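# Close look at the chain arrangement
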Amino acid sequence: MTTSLFSSNGSKRLVLVSGRAHPELAAEVAAHLEVDLVPTTAYEFANGEIYTRFAESVRGADAFALQSHCAPVNTWIMEQLLMVDALKRASAKTITVVAPFYGYARQDKKHRGREPISARLMADLFKTAGADRLMSVDLHAAQIQGFFDGPVDHLMAMPILVEYVRTRVDVSNVTVVSPDAGRIRVAEQWAAKLGGGPLAFVHKTRDIRRPNVSVANRVVGDVEGRSCVIVDDLIDTAGTIAEAVRVVLEAGAKDVLAVATHGVLSDPAVERLQACGAREIVVTDTLPIPDEHRFEKLTVLSIAPLIARAVREVFEDGSVTSLFDGNA
């Protein structure tokens, strides 16, 4: 293969570059696009500063810079910013930031005075660095699309997740559960795709002064004797999901699947998920999941085919929307 993909009339050239955060995903996306990643040199100096350089010309190319913002988040964000700057100074024609997991997305509004809106700052940083376009999967809040001054492709992992979940439950006896009232809309979409079964949600309280801490109080909806699918955008320390599984099982659910797009899995997530009582935990590989965070009940689905198809649609001036609703 070659590091370039040309359009049907030969007038455009696609190149895919990747940082060091999630090389497995980058390689898989490249394989689906049938291109090689542009050879890249990247390392840290003794004081922690990052250096990056591309070994081949990207002049005049439509460049896609792939990096998922896993731990250490700030390091990989900075590396992606430097990649974008390098592409700009190397005369790439267009630059698309591909961030399967968008760092700081949970800080999308002010809860109290004198707080930053960090998700907006992220968008400003990428724009200032030289990005023309942003692509991400299942943003924590859809409003983040409006933070970036340019096109944003908001991809949804739901088709991949739903296709798998349908093979794991009896759709005639399934209830979709939102882990909190704020994600009811997403749960409605899931319920529609799983045969129109009933909805439920977990009533919980959260202290905004204590990150990653919430208390699930009770479940509202019909779950007794039913297979329940709890859906969320991410699992970080797994406090929310584990508590939701507990209250749903206590309410009489037959069994529970917990499904999320992003498996952040910060400690003590693995211990909580193993002990929570869920029959299966399903995530995608938007973030790297090391072997020590994998366990018997964890299923990891590949997001690479979706990202590759979206990249190809953008490159060929097609419709990203058509990937999800069938309409251009």
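Structure: above.
These remarks concern the structure in this document. Since we're looking at a predicted model, the values are computed, not measured. (Residues numbered from 1 in each chain as written. Predicted model: local features only at pLDDT ≥ 70, side-chain atom pairs only at ≥ 80, totals over all residues. Heavy atoms only, no water.)

In terms of burial, strand β12 (residues 227-235) is largely enclosed, as 9 of its 9 residues are buried. Bridge count for strand β9 (residues 174-178) against β12 is 4 bridges, and the pairing is parallel. Looking across to β12, one finds that Thr175 is bridged to Cys228. What joins β12 to strand β13 (residues 255-263) is helix α6 (residues 239-250), and the crossover it makes is right-handed. (Buried < 20%, exposed > 50% of the residue type's maximum accessible area, 1.4 Å probe, protein only. Helix = DSSP H or I, 4+ residues; strand = E, 2+ residues; numbered from the N terminus. Pairing = 2+ DSSP bridges. Right-handed = clockwise from strand over helix to strand, strands pointing away.)

Our next topic: the nonpolar core. Side chains of nonpolar character tend, in soluble globular proteins, to be buried together. In this structure, Val29, Leu155, Trp190 and Ile307 are the most contacted members of the largest nonpolar core, which totals 45 residues. Here this core gets 8 residues from one element, more than from any other, and that element is helix α8 (residues 304-315). Among residues more than four places away in sequence, those in contact with Trp190 are Met158, Leu161, Val162, Val165, Val176, Val229, Val231 and Val259. In this structure, Val15, Val38, Ala119 and Phe147 belong to the second largest nonpolar core, which totals 31 residues. (Core = buried A, V, L, I, M, F, W, Y, C linked by side-chain atoms within 4.5 Å. Contact = heavy atoms within 4.5 Å.)

All right, on to helix α2 (residues 73-89) then. When the terminal C-alpha atoms of α2 are compared, their 25 Å separation across 17 residues agrees well with the 24 Å that a helix rising 1.5 Å per residue should span. For α2, the full list of buried residues reads Trp76, Ile77, Glu79, Gln80, Leu81, Met83, Val84 and Leu87. Contact partners of the buried residues in α2: β2 (13-18), β3 (40-44), β4 (50-54), β5 (62-66), β6 (94-99) and α3 (118-129). Following α2 by one or two positions, Ser91 has its phi on the positive side, about 70°. (Expected span 1.5 Å × (residues − 1).)

Turning to the side chain of His69, a few remarks are in order. Considering the arrangement of structural elements, one finds His69 in the loop between β5 and α2. In this structure the side chain of His69 is engaged in a polar contact, spanning 2.7 Å, whose partner is the side chain of Gln80. A distance of 2.8 Å separates the side chain of His69 from the backbone nitrogen of Gly103, its partner in a polar contact. Not counting chain neighbours up to four residues away, the residues in contact with His69 comprise Ile77, Gln80, Ala99, Phe101, Tyr102, Gly103, Met122, Phe126 and Leu287. (Polar contact = N/O pair within 3.5 Å; in protein donor to acceptor, adjacent residues only side chain to side chain.)

Turning our eyes to something else, we now look at the packing of aromatic side chains. Overall, the coordinates contain 3 aromatic pairs when judged by the stated rule. Aromatic pair Phe45 and Tyr51: ring centres 6.4 Å apart, planes at 80°, arrangement edge-to-face. Since its relative accessible area comes to 40%, Phe45 is described here as partly exposed. Overall, the relative accessible area of 29% leaves Tyr51 in the partly exposed class. Among the aromatic residues, ring-to-ring pairing joins Tyr43, Phe45 and Tyr51 into one connected group. (Phe/Tyr/Trp six-rings, centres within 6.5 Å; stacked < 30°, edge-to-face > 60°.)

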